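Take a look at the letters that make up each chain.
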Amino acid sequence: MTAPAGAGTPATAPAPSQIEVERRLYRRQRGRRSVVVSVVSTLVVVLVVWFGVVNTPGWAAVQQSFFDPQTAIDTFPQVLLGLWLNIRILVVASIGVAVLGTLLAVVRGLRNPVFFPLRMAATAYTDLFRGLPLIIVLYLVGFGLPGLGVFPRQPPEVWGTIAIVLTYSSYVAEVLRAGMEAVHPSQRLAARSLGLSHAKTLRLVVLPQAVRKVTPALMNDFVSMQKDVGLVSILGAVDAVRSAQIAQAESYNFTPYLVAGLLFVVISLPLIRVTDAIARRQQQREQTGGTV
């Protein structure tokens with residue numbers, strides 16, 4: 001038997017029309033022009049700002065006090081070693097905030113009247129710690145709790161981590177609760193009609209959709225927490241900020257603070273970029289049509 005004509009040969013995609021070819025060429029030209037305009041405008045702004053700053057009367061003194069290259073090189077290892085403590089605090093605090101924030105969001109979403117005391121306690125907790133500045137919570141936890149004499153002695157970074165967890169779990173709880181309430185009630189009803197319990201409905205249906213809806217907001221909270229872990233230095237923990245303070249006292253120069261700030265920016269950039277990428281992906285998924 002002979003195979004029919006064309007059998008076994010891959011189907012070739014139809015060639016684009018002349019109009020489509022012209023559209024693609026126009027888009028490429030417009031994209032290249034946008035890139036060129038963006039680069040040129042950015043360079044102009046940077047040069048204008050640079051010349052404006054370096055020509056100020058006090059630039060020489062500021063440069064010597066904040067932008068001394070030799071001081072930055074000498075203090076970099078010390079500040080980097082302190083940053084390792086910030087990273088460890090950040091990892092532990094992120095886990096604690098995720099767990100406690102999820103529990104608070106779930107408790108605030110309970111509708112049975114028997115859980116009213118728990119809902120009131122969770123509401124009071126979130127209202128309190130969202131209203132208190134983190135630095136006040138650090139003082140209360142770092143100096144108040146050890147003063148009670150009922151807790152074993154702990155290093156200051158432990159108390160600082162607890163204060164960060166207490167504060168940021170209230171923010172994350174509200175973000176998660178908003179995501180849970182944004183899930184359409186039909187999702188819960190459909191899950192319950194299939195025989196899922198309330199706990200399984202939350203775990204398998206509601207929470208996954210809620211997290212997906214509020215992922216950019218959650219990641220922004222964690223970016224903020226990355227910066228605020230530097231406040232544990234007020235309790236005496238030798239982190240990047242405290243190391244910079246020690247180096248500044250030894251060198252009489254503020255450049256170590258700039259080094260510490262740049263290191264915090266470096267560890268924050270990956271999460272910031274991931275947050276932007278997720279936000280763009282969600283926008284493309286939810287919106288139709290072209291970009292305005």
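In what follows, the accompanying structure is described. Residue numbering note: each chain is counted from 1, following its sequence as written. In keeping with the predicted nature of the model, local features appear solely for residues at pLDDT of at least 70, side-chain atom pairs appear and are counted solely at 80 or more, and the whole-chain, interface and lining totals rest on all residues. Heavy atoms throughout the structure, all of them, feed into the side-chain values; hydrogens and water do not.

### A few points about a nonpolar patch on the surface
- Residues Val62, Phe66, Phe67, Phe254, Tyr257, Leu258 and Leu262 make up a contiguous nonpolar surface patch of roughly 580 Å² in combined accessible area.
- In this description a helix means any DSSP run of H or I spanning at least four residues, a strand means any run of E spanning at least two, and both kinds are numbered starting from the N terminus. The element best represented in the nonpolar patch is helix α11 (residues 255-286), accounting for three residues.
- Take leucine 258: it is sitting in helix α11.
- Throughout, exposure labels follow a simple rule: accessible area from a 1.4 Å probe, protein chains only, divided by the maximum for the residue type, with under 20% read as buried, over 50% as exposed, and the rest as partly exposed. Here leucine 258 falls in the partly exposed class, since its relative accessible area comes to 31%. Like-charged residues are merged into a patch within 9 Å and nonpolar side chains (Val, Leu, Ile, Met, Phe, Trp, Tyr) within 5 Å, provided each residue has over 30% relative accessible area and no salt bridge. All accessibility values rest on the Shrake-Rupley procedure with a 1.4 Å probe; residue burial counts only the protein chains present in the view. Here, a salt bridge means any Lys or Arg side-chain nitrogen found within 4 Å of an Asp or Glu carboxyl oxygen.

### Digging into the packing of aromatic side chains
- Pairing of aromatic side chains here covers Phe, Tyr and the six-membered ring of Trp, requires ring centres within 6.5 Å, and sorts the geometry by plane angle: under 30 degrees stacked, over 60 edge-to-face, intermediate tilted. All chains considered together, the criterion is met by six aromatic pairs.
- Note on phenylalanine 254 and tyrosine 257: the rings are 6.3 Å apart at their centroids and 25° apart in plane angle, and the pair reads as stacked.
- Through successive ring pairs, a cluster of aromatic residues spans Phe66, Phe254 and Tyr257.

### What to know about the pattern of salt bridges
- On inspection of all chains with the given rule, the structure shows five salt bridges.
- In this structure, the salt-bridge partner of arginine 108 is glutamate 174, at a minimum N-O distance of 2.5 Å. Remark: glutamate 174 occurs in helix α6 (residues 156-182) and arginine 108 occurs in helix α3 (residues 69-108); sequence separation between them is 66 residues. For the residue pair arginine 108 and glutamate 174, the accessibility class agrees, reading buried in each case.
- Arginine 130 serves as the salt-bridge partner of glutamate 174, at 3.9 Å between the closest nitrogen and oxygen. In this pair, glutamate 174 is assigned in helix α6 and arginine 130 in helix α4 (residues 116-131), connecting sequence segments 44 residues apart.
- Connected through salt bridges with shared partners, the residues Arg108, Asp127, Arg130, Glu174, Arg177 and Glu181 form a single ionic network.

### Some remarks on a positive patch on the surface
- On the surface, a cluster of positive charge is contributed by Arg212, Lys213, Arg280, Arg281 and Arg285.
- Secondary-structure assignment places arginine 212 in helix α8 (residues 198-213).
- You can call arginine 212 partly exposed: its relative accessible area is 47%. His is not counted, nor are the chain ends; Lys and Arg add positive charge and Asp and Glu add negative charge. Working definition for charges: the position is that of NZ of Lys, CZ of Arg, CG of Asp or CD of Glu.

### What to know about the packing of helix α7 (residues 185-193) against α8
- Following both chains from N to C, one finds α7 and α8 inclined at 140°, their axes separated by 10 Å at the closest point. Considering how the two elements wind past one another, α7 and α8 form a crossing that is right-handed. Within the contact between the two elements, α7 uses Gln187, Arg188, Ala191 and Arg192 and α8 uses His198, Thr201, Leu202, Val205, Val206 and Gln209.
- Basically, the charged four are Asp, Glu, Lys and Arg, the nonpolar ten are Ala, Val, Leu, Ile, Met, Phe, Trp, Tyr, Cys and Pro, and anything else, Gly included, counts as polar. Residues belonging to the contact of α7 with α8 are distributed by class as follows: four nonpolar, four polar and two charged. Axis angles are defined between N-to-C directions and span 0 to 180 degrees, where every axis is a line fitted to C-alpha atoms and, for a helix, only to the segment in contact. In this scheme the handedness of a crossing depends on how the near helix is turned from the far one: anticlockwise by less than a right angle means left-handed, clockwise means right-handed. Any two residues whose heavy atoms approach within 4.5 Å are treated as being in contact.

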